[in-house]
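Observations on chain architecture
Read off the chains here:
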Amino acid sequence: MSSNLRLTVATVLSMILCTVGSFAQNNHKGGQDWQEKIRSEKIAFLTSEMDLTPAEAEKFWPEYNEVQKDRNAKMEELFKNYRALVGSLKSNKSESEYDALLQAYLKAEAETHTHEKEYVERFRKILPAEKVVKLYVAEEKFRRDQIHRLRRNSPQRSSSEGK
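As the structure is a prediction and not an experimental result, all values here were calculated from the model. (Residues numbered from 1 in each chain as written. Predicted model: local features only at pLDDT ≥ 70, side-chain atom pairs only at ≥ 80, totals over all residues. Heavy atoms only, no water.)

What to know about the packing of helix α5 (residues 116–124) against helix α6 (residues 129–153)
Two quantities define a packed helix pair, namely the angle between the helix axes and the distance between the axes. Put simply, the test is: Convention adopted: a line fitted to C-alpha atoms gives each axis, helices being fitted over their contacting stretch, and angles between N-to-C directions are expressed from 0 to 180 degrees. Runs of H or I in DSSP of at least four residues are treated as helices and runs of E of at least two as strands, each being numbered from the N terminus. When an angle is under 35 degrees it counts as roughly parallel; over 145 it counts as roughly antiparallel; between 65 and 115 it counts as roughly perpendicular; any other value is oblique. Helix crossings are classified by the rotation of the near helix relative to the far one: an anticlockwise turn of less than a right angle makes the crossing left-handed, while a clockwise turn makes it right-handed. Contacts are assigned to residue pairs that have any heavy atoms within 4.5 Å of one another. Note that Gly is not counted as nonpolar here; it falls among the polar residues with everything else outside the nonpolar set of Ala, Val, Leu, Ile, Met, Phe, Trp, Tyr, Cys and Pro and the charged set of Asp, Glu, Lys and Arg.
Orientation of α5 relative to α6, taken along the N-to-C sense of each, is 130 degrees, at an axis distance of 9 Å. In terms of orientation, α5 and α6 fall into the oblique class. α6 is crossed by α5, and the crossing has right-handed handedness. Together, Glu 116, Tyr 119, Val 120, Phe 123 and Arg 124 of α5 and Ala 129, Val 132, Leu 135 and Tyr 136 of α6 make up the contact between the two elements. For the contact of α5 with α6, the per-class residue count stands at seven nonpolar, no polar and two charged.

As structure tokens, then:
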């Protein structure tokens, strides 16, 4: 194994261990180990798919983690507004109340998408365009792989396949 490859592997493993360690320290609830495992898998997957150098990884991961926090906050706001839409159908609302809920939902949905350009610009300060493209492709690939894994392991799927 070349020294550059060893350094890359060591850097990635260190980042994974640090990330998992920080999540474990911040996680006072049991049952979230699977989230930590998925985060670790995602870090390893993205690092590999993007072919990050140790220097790139050192600069990239803190920025990526900040972007993820921002994305997660925007998605939580979107889900909150979606739940409000669903809940509104269970009660008798006025036209103006429904309209206000729709506007809040649409605003939250727009917020989840409008910041992607900013994120790309932030990543481009650290990485070449090709690696940013690889990031977006790898994120989608990882997401799809997770969905397929969930479907394969779903008890409903295995029980409905026999019918």
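Continuing now.
A short note on the confidence of the model for the chain
Quick note on the threshold: Every residue carries a pLDDT, the predictor's confidence in it, which falls somewhere between 0 and 100.
In this model, the chain carries a mean pLDDT of 82, and residues with pLDDT of at least 70 account for 76%. pLDDT under 50 marks residues 1–28. Its contacts with residues more than four places away, or in other chains, come to 20 contacts.

Thoughts on the side chain of Lys 74
For clarity, the cut-off: For every residue, the accessible area obtained with a 1.4 Å probe (protein chains only) is divided by the maximum for its type, and the residue is called buried under 20%, exposed over 50%, and partly exposed between those limits.
Tracing the chain through its elements places Lys 74 in helix α3 (residues 54–88). On the accessibility criterion, Lys 74 (15% relative accessible area) is buried. What Lys 74 contacts, discounting residues up to four positions off in sequence, is Glu 111, Thr 112, His 115 and Tyr 119.

Some details on α3
For the α-helix, the turn length of 3.6 residues means that residues three or four positions removed from each other point alike. Going by this rule: Here the expected span of a helix is defined as 1.5 Å times the quantity of residues minus one. Bend is computed residue by residue as the angle between axes fitted to the seven residues ending at the residue and the seven residues starting at it.
The terminal C-alpha atoms of α3, which comprises 35 residues, lie 50 Å apart, in line with the 51 Å expected from a rise of 1.5 Å per residue. At Phe 60, α3 shows its largest bend, some 30 degrees, and a proline, Pro 62, comes one to four positions later.

Quick look at the nonpolar core
The following threshold applies: We define a nonpolar core as any set of buried Ala, Val, Leu, Ile, Met, Phe, Trp, Tyr and Cys residues linked to one another through side-chain atoms lying within 4.5 Å.
Counting 17 residues, the largest nonpolar core has Leu 46, Phe 60, Trp 61 and Phe 123 as the members making the most contacts within it. Looking at this core, the elements with two or more residues in it are α2 (33–50), α3, α5 and α6. Ranked by residues supplied to this core, first place goes to α3 with five residues. Excluding residues that lie within four positions of it along the chain, Leu 46 makes contacts with Trp 61, Tyr 64, Leu 135, Ala 138 and Glu 139.

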